[in-house]
Amino acid sequence: MKKVSILIPVYNEAATLEAILKKVEAADFCGLEKEIILIDDYSTDGTRDIYPKFPYKVFYHEFNQGKGAALRTGFENAAGDIIVIQDADLEYEPADYSPLIKLILDGHADVCYGTRLAGGKPSRSFMFTHLLGNKFLSLLTNILYGSTLTDMETCYKAFKADFIKGIKIKSNRFDFEPEITAKVLKRGARLYELPVSYYGREFSEGKKITWKDGIHAIIALIKYRFTD
């Protein structure tokens, strides 16, 4: 394996995009060549003015479709042997990716998740409703799919490219997380979790996920248990 593709879906992140890109640039991805792919999901806050400052591939959506749709565009255009997901905010620390990728490079994992709930890393206190929702969704995942995940909704996911590219993603919005988790588990992925840091945002700071996305996640978990 020679290259890692870092997929960064972006929607109205002008305040944080430059800072996170510099962190991604500085991070060690186990010595692999980095391919950074930005997918702009129709940002309207000046985010698009930032892209020319960086020498990365940028794909533009002509209307807002959601995180799942942005990642679908990213997967279709990624050339790396390993593919990882990075949000455009500053909630996660790119330096935490190296241990996740190493599990794949060492032949242990097909998929590796960075869990915010295992301890051992800095973690900003969750909003109580978000913590309850996260724990419920992870529990429902484990009941439906016979897994032992602690943080199904985590952004930080690393995949062997030849494994993930065989999976068709249908979800357009935040229900990408339960859909991809359901499908990798149903395909017998060797899935590992490792602790990662979490510097969560409040809604006033730009956080976008809401309780409605939790309802869609429940529907997706049940739906994809019985269908692809």
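Before reading on, note that the structure itself is shown above.
Each chain carries its own residue numbering, running from 1 in the direction its sequence is written. Reporting of local features is limited, given that this is a predicted model, to residues whose pLDDT is at least 70; pairs of side-chain atoms are given and counted only at 80 or more, and all residues count toward the totals for whole chains, interfaces and linings. Remark: hydrogens and water are excluded; side-chain values derive from all non-hydrogen atoms of the structure.

Colleague: Account for the overall build of the protein, with residues named and values stated.
Modeller: Within the protein, the regular secondary structure consists of 7 helices and 7 strands. Taken from the N to the C terminus, the helices and strands of the protein come in the order β-α-β-β-α-β-α-β-α-β-α-α-β-α. What you see for the protein is a C-alpha radius of gyration of 16 Å, in line with the 17 Å of a compact globule of 228 residues. Relative accessible area decides the class of each residue, using a 1.4 Å probe on protein chains only: under 20% of the type maximum gives buried, over 50% gives exposed, and in between gives partly exposed. Counting every position in the protein, which comprises 228 residues, the buried fraction comes to 53%. Any two residues whose heavy atoms approach within 4.5 Å are treated as being in contact. Summarising the internal contacts of the protein: among those between residues at least 6 apart in sequence, 76% fall at separations of at least 24. Note that accessible areas follow from Shrake-Rupley with a 1.4 Å probe, and for residues the cover is restricted to the protein chains shown. Summing over all exposed atoms, the protein offers an accessible surface of approximately 10200 Å²; the carbon and sulfur share of this is 56%. Secondary structure elements are defined from DSSP: runs of H or I of at least 4 residues count as helices, runs of E of at least 2 residues count as strands, and each element is numbered from the N terminus. Within these notes, the globule rule equals 2.2 Å times the number of residues to the 0.38 power, and the radius of gyration is based on C-alpha atoms.

Colleague: Go over the packing of helix α4 (residues 128-145) against helix α7 (residues 211-226), please, and point to the residues and values.
Modeller: Lines are fitted to the C-alpha atoms to define the axes, a helix being fitted only along its stretch in contact, and any angle between axes, read from their N-to-C directions, falls within 0 to 180 degrees. The N-to-C vectors of α4 and α7 enclose an angle of 5°; their axes lie 10 Å apart at closest approach. Taken as axis vectors, α4 and α7 run roughly parallel relative to one another. On α7, the residues that touch Phe 136, Leu 137, Leu 140, Thr 141, Leu 144 and Tyr 145 of α4 are Gly 214, Ala 217, Ile 218, Leu 221, Ile 222, Tyr 224 and Arg 225. Gly is placed with the polar residues, together with every amino acid not listed as nonpolar (Ala, Val, Leu, Ile, Met, Phe, Trp, Tyr, Cys and Pro) or charged (Asp, Glu, Lys and Arg). Classifying every residue of the contact of α4 with α7 by side-chain character gives 10 nonpolar, 2 polar and 1 charged. Reported orientations rely on four angle classes, namely roughly parallel under 35 degrees, roughly antiparallel over 145, roughly perpendicular from 65 to 115, and oblique for the rest.

Colleague: Tell me about the sheet that holds strand β3 (residues 57-60), and name the residues and values.
Modeller: As summarised here, the arrangement of the 7 strands in space is β3-β2-β1-β4-β6-β5-β7, forming an open sheet in which the pairing is mixed. A single partner strand is all that each edge strand has here, and the edge strands are β3 and β7 (191-195). In this sheet, neighbouring strand axes are inclined to one another by 20° on average, regardless of whether the strands run parallel or antiparallel. Across the sheet, helix α3 (residues 97-105) lies against β1 (3-10), β4 (82-85), β5 (111-115), β6 (157-160) and β7, angled at about 150° from β4, the strand it touches most. In the packing of helix α6 (residues 176-186) onto the sheet, contacts are made with β4, β5, β6 and β7, and the angle to β6 comes to roughly 40°. At least two DSSP bridges between two strands are required for those strands to pair.

Colleague: Report on the pairing of β6, specifying residues and quantitative values.
Modeller: Neither face of β6 is left uncovered, since the one carrying Lys 157 and Phe 159 and the one carrying Ala 158 and Lys 160 both have all their residues buried. Sheet analysis places β4 next to β6, joined by 3 bridges and oriented antiparallel. If you follow Ile 82 over to β6, its bridge partner there is Lys 160. As defined by bridge partners, β5 adjoins β6 across 3 bridges and the pair is classed as antiparallel.

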